[in-house]
Amino acid sequence: MPKPLRYVNAVAQALNDAMAADPAVMLMGEDVAAAGGPFKATRGLLDAHGPERVRDTPISEASLVGAAVGAALTGMKPVVEIMFMDFVTLAMDAVVNQAAKARFMFGGQCSVPMVLRTPHGGGLNAGPQHSQCLEAWFAHIPGLRVVCPATVADAYSLLRAAIEAPDPVVVVENKALYALQGDIDVNAPREVGKARLDRAGRDATIVTYGATLYAARAAADRLAAEGIEAEIVDLRWIQPWDEEAVFASVAKTHRVVIAHEAVQAFGVGAEIAARIASDAFDDLDAPVLRVGAPFMPIAFAKTLEAAYLPDADRIVAAVKSTLA
Amino acid sequence: MPSSAAQADPIPANSIPTDRRLALHRTMQTIRATETTLSRLFADGEIPGFIHLSVGQEAVAAGVVGALGPRDSFATTHRGHGHVLARGVKLDLFFKEIMGRAGGICGGRGGSMHVADLSLGVLGANGIVGAGLPLATGSALAHQTRRTGGVAVAFFGDGAMAEGALHECLNMAALWKLPMVFVCENNGWSEFSPTSTQFAATLDKLGAAFGVPHRRVDGNDVAAVAEAATEVVEAARGGGPRILECLTTRWHGHFEGDPQRYRNADEIAGLPQNDPLRRSAEALLAAGVEESALAALVDSVDAEIREALEAARADALPDVDAAFRDVYTPTATLTAGA
Ligand SMILES: Cc1ncc(C[n+]2csc(CCOP(=O)(O)OP(=O)(O)O)c2C)c(N)n1
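So, here's what we can say about the structure. (Residues numbered from 1 in each chain as written. Chains lettered and ligands numbered in written order. Predicted model: local features only at pLDDT ≥ 70, side-chain atom pairs only at ≥ 80, totals over all residues. Heavy atoms only, no water.)

**Overview of the side chain of Arg32 of chain B**
Next, step 1: For Arg32 of chain B, the position within the fold is in helix H1 (residues 18–43).
Next, step 2: With near-sequence residues (within four places) excluded, Arg32 of chain B lies in contact with Val55, Gly56, Glu58, Trp251, Asp275, Pro276 and Leu277 of chain B. (Helix = DSSP H or I, 4+ residues; strand = E, 2+ residues; numbered from the N terminus. Contact = heavy atoms within 4.5 Å.)

**Concerning the interface of chain B and chain A**
Next, step 1: Each partner contributes residues to the interface: chain B has 34 residues there, and chain A has 30 residues.
Next, step 2: Summed over both partners, the interface of chain B with chain A buries about 2,600 Å², with 67% contributed by carbon and sulfur atoms.
Next, step 3: For the interface between chain B and chain A, the tally reads 0 salt bridges.
Next, step 4: Counting residues per element, the ones that place at least two in the side of chain B that touches chain A are helix H4 (91–98) and helix H12 (320–324) of chain B.
Next, step 5: It is H12 of chain B that contributes the most residues to the side of chain B that touches chain A, 3 residues altogether.
Next, step 6: Looking at side-chain class alone, the side of chain B that touches chain A contains 16 nonpolar, 13 polar and 5 charged residues. (Buried area = accessible area lost by both parts, 1.4 Å probe. Salt bridge = Lys/Arg side-chain N within 4 Å of Asp/Glu carboxyl O. Nonpolar A, V, L, I, M, F, W, Y, C, P; charged D, E, K, R; others polar.)

**Examining the state of the cysteines**
Disulfide: a covalent bond formed between the sulfur atoms of two cysteine residues.
Next, step 1: Counting across every chain of the model gives 0 disulfides over all chains.
Next, step 2: In this structure Cys148 of chain A is a free cysteine whose sulfur lies 7.8 Å from that of Cys133 of chain A, the closest cysteine sulfur available.
Next, step 3: Free cysteine Cys184 of chain B: the closest other cysteine sulfur is in Cys246 of chain B, separated by 7.9 Å.
Next, step 4: Judged by relative accessible area, Cys184 of chain B falls into the buried class, the value being 0%. (Disulfide = S-S within 2.5 Å. Buried < 20%, exposed > 50% of the residue type's maximum accessible area, 1.4 Å probe, protein only.)

**Considering unusual backbone geometry**
Residue and element names in this part refer to chain A.
Next, step 1: Of note, the amide linkage connecting Gln239 to Pro240 takes the cis form, showing an omega dihedral of 0°.
Next, step 2: If you check the backbone angles, Arg236 has positive phi at about 65° while not being a glycine.
Next, step 3: Within the element layout of this structure, Arg236 appears in the loop between strand S11 (230–234) and strand S12 (237–239).

**Observations regarding the environment of Phe247 of chain A**
Residues and elements named next belong to chain A.
Next, step 1: In this structure, Phe247 sits in helix H9 (residues 243–253).
Next, step 2: Taking relative accessible area as the criterion, Phe247 reaches 18% and is therefore assigned buried.
Next, step 3: C-alpha of Phe247 to C-alpha of Asp283: the two residues are 36 residues apart in sequence and 8.7 Å apart in space.
Next, step 4: Other than its neighbours up to four places away in sequence, Phe247 contacts Trp241, Arg275, Ile276, Asp279 and Ala280.

**Re the site of the ligand**
Next, step 1: In the vicinity of the ligand there are 21 residues, among which Glu61 of chain A together with His78, Arg79, Gly127 and Gly159 of chain B approach most closely.
Next, step 2: More than one chain reaches the ligand: its neighbouring residues belong to chains A and B.
Next, step 3: Contact between the ligand and Asp158 of chain B: an oxygen atom at 3.3 Å from a main-chain N or O atom of the residue.
Next, step 4: In isolation the ligand exposes 580 Å². Once the protein is present, 97% of that is buried.
Next, step 5: Tallied by class, the residues present in the shell around the ligand amount to 7 nonpolar, 8 polar and 6 charged. (Near = heavy atom within 4 Å. Polar contact = N/O pair within 3.5 Å; in protein donor to acceptor, adjacent residues only side chain to side chain. Areas by Shrake-Rupley, 256 points an atom, 1.4 Å probe, with all protein chains shown as cover.)

**Considerations on the pairing of strand S2 (residues 152–157) of chain B**
Residues and elements named next belong to chain B.
Next, step 1: Burial of S2 is extensive: 5 of the 6 residues sit out of reach of the surface.
Next, step 2: Pairing of strand S1 (residues 73–75) with S2 involves 3 bridges; the strand directions are parallel. Note that in S2 the partner of Phe74 across the bridge is Val153.
Next, step 3: When S2 meets strand S3 (residues 180–186), the two strands line up parallel, connected through 6 bridges. In the strand pairing of S3, Val153 is matched with Val181.
Next, step 4: Running through helix H6 (residues 164–175), the crossover from S2 to the neighbouring parallel element S3 is right-handed. (Pairing = 2+ DSSP bridges. Right-handed = clockwise from strand over helix to strand, strands pointing away.)

**Points about the side chain of His83 of chain B**
Next, step 1: Relative to the elements of secondary structure, His83 of chain B occurs in helix H3 (residues 81–87).
Next, step 2: If we skip the residues at most four places from it in the chain, His83 of chain B touches Ala61, Val65, Phe74, Thr76, Phe155 and Glu185 of chain B.

**Observations regarding the sheet that holds strand S3 (residues 54–56) of chain A**
Residues and elements named next belong to chain A.
Next, step 1: In spatial order, the strands read S3-S2-S4-S5-S7-S6-S12; together these 7 strands make up an open sheet with mixed pairing. The outermost strands of the open sheet, each flanked by one partner alone, are S3 and S12. Each adjacent strand pair in this sheet contributes to an overall mean axis angle of 20°, direction not counted.
Next, step 2: Sheet analysis places strand S6 (residues 145–147) next to strand S7 (residues 169–174), joined by 3 bridges and oriented parallel. When the bridges of S7 are listed, Val146 appears paired with Val170.
Next, step 3: Contacting strand S2 (25–29), S3, strand S4 (77–81), strand S5 (115–120) and S7, helix H1 (residues 7–21) crosses the sheet at an angle of about 135° to S2. (Axes fitted to C-alpha atoms, helices over the stretch in contact; angles between N-to-C directions.)

**Remarks on empty space enclosed by the protein**
Next, step 1: All told, the structure shown has 4 cavities of 30 Å³ or more when counted by the stated rule.
Next, step 2: For the largest cavity, the calculated volume is near 60 Å³.
Next, step 3: Around the largest cavity sit 13 residues that line it, and Asn125 and Phe300 of chain A together with Phe50, Ser112 and Met113 of chain B are the ones nearest its centre.
Next, step 4: Its residues placed into classes, the lining of the largest cavity shows 7 nonpolar, 6 polar and no charged. (1 Å grid on protein atoms, 1.4 Å probe; cavity = no way out; pocket = protein on both sides within 12 Å on 5 of 7 lines; lining within 4 Å. Points joined across faces, edges and corners; volume = space filled by probe spheres on them.)

**Digging into the sheet that holds S3 of chain B**
All names here are of chain B.
Next, step 1: One open sheet holds the 5 strands; their spatial order is S1-S2-S3-S7-S6, and the pairing between them is parallel. Where the open sheet ends on each side, the last strands, each with one partner, are S1 and strand S6 (214–218). On average, adjacent strands in this sheet sit at an angle of 20° to one another, irrespective of strand direction.
Next, step 2: As paired strands, S6 and strand S7 (residues 242–247) are joined by 5 bridges and run parallel to one another. Bridge pairing links His214 to Ile243 in S7.
Next, step 3: Contacting S1, S2, S3 and S7, helix H2 (residues 58–66) runs over the sheet at an angle of about 165° to S2.
Next, step 4: Its contacts with the sheet place helix H5 (residues 132–146) against S1, S2 and S3, and it is angled at close to 170° to S2.

Here you go:
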């Protein structure tokens, strides 16, 4: 039996194994080398792979991500770390106008095999500029892929899959999950766009991703105590998302709640709800409900953050109202 | 010392009167005692999130902010406690904010990294490195356009020299001759990396590229900072942007709880040798101020802090319904084009 790893160590292991497997893979980011990254997700990699392939960059997000695009167009497979997802705003041109479109607008001449890793999410009282969940922005851009691993095993396999993918992938981790313990399987299939059935149930489906998986599990436990069996689909990939898996679950339970930590309005849940409404309407016995953050910036104070983050209570209430 | 490559410009003979020096000393003492208290509160779990302290850098805050007039404005950084305290934000409102209380200056929504007091021209601390630079540039533009006679200051760390925002703002401020001072707090570190590994140029050369005059001072000598700041602020008021680079020292880690493994023990041990407070106290004693007067100053600052902390502990926690009120400005109706 392998020793359980922390989520953050599973990330480091995936980076290490990807670099060992492919000399084109390199890391770039602020303090990722000697310091091992602010969350220690790159610890040990400088020693293992040397300063050419593990590069500290200045605090220059716009240019460092743009440089990764250029490196990817010139034979490397850069994995860039942006310390907090909030700071991707500074690099949006590189991601949205350059990385996402190069293959398409150059007539398919090239691809941009790069990964942007970044943590989102609350739970640390890090305040309005260090806690946002901005994944829907990227999922909205044709040419980008977005993945959000919730478990330790997925922190490993999905990052490996992202690095192997030929197109730009935004890998969204959650700061609150970095200390989570679990096992990895280095030989697990590394697929793009596949969801995972986290828990089987017959009465309602909870579609979720990222740290909200744990709120969904807690909700399902509480519902089970009342005789309601909720099925949980952990999406894992947000772009592309696994329509087949979600539709199959809807066909079985006929009731759906979509839960995520990001602001509910105009979010990932909105897209999934709309697709279910248009393509699986006949399978529904109740309106599709969403549980997400309220339409406000996330605040610093503990009471405000706690009220902001979607929790098991709200998921339980939503599931019950689909059954009412 | 990472910042040893840069040498401070020689300063002219000291012309700051003793009462002004005492005021500067008191400001530094307030910042030091407040942050030392915060460090303890953080270790005890009374402060949520994370905090970046400016212990060792007090002379920059006291000297620069002390040189500003009431109409002037500034934007600061993630390490901005000193600047807002020097500007005179009410101590109880400050503590309440850092401790996430309802009565905080920002209602507990921002915390340490977002302390702001618009009534004092403080455009906010910022969690985004370099983001204060364009804000200050715009503030200077407003001073110029509205003819307020005010100057805007942008505080930034040496790490922010790598951000394009600095380069772009220097250009804009120079083009438009904005009444603006770029104040770099150069403590030699950006997070866990020495600045020598982060920035290929020097700030004077960067300024020269845009024709923005640059001064470099010993940022641990409050009198030197105050003199230089007074000069550059007044020069900027009528004559376009200036750069003031203050060489200083960060005693604590990047954030509280940072074990500083990247720093060698000699450097850490040597930091208090350059203590701006000790140096200022020595200068005051030499100018004839009594030892007992300095001790009384320490006591009175401590008493103010105790009182503010008690008020903060007694304050309520913020409530989410109240937070919703400020996502947008309340308006009776929203009318397009009105
Ligand atoms: C845009 C952005 N990138 C990265 C960070 C993370 N970060 C916070 S402070 C810091 C170092 C800043 O160094 P410096 O400007 O020298 O200020 P100091 O901390 O030394 O006061 C970094 C990288 C951030 N907050 N914002």
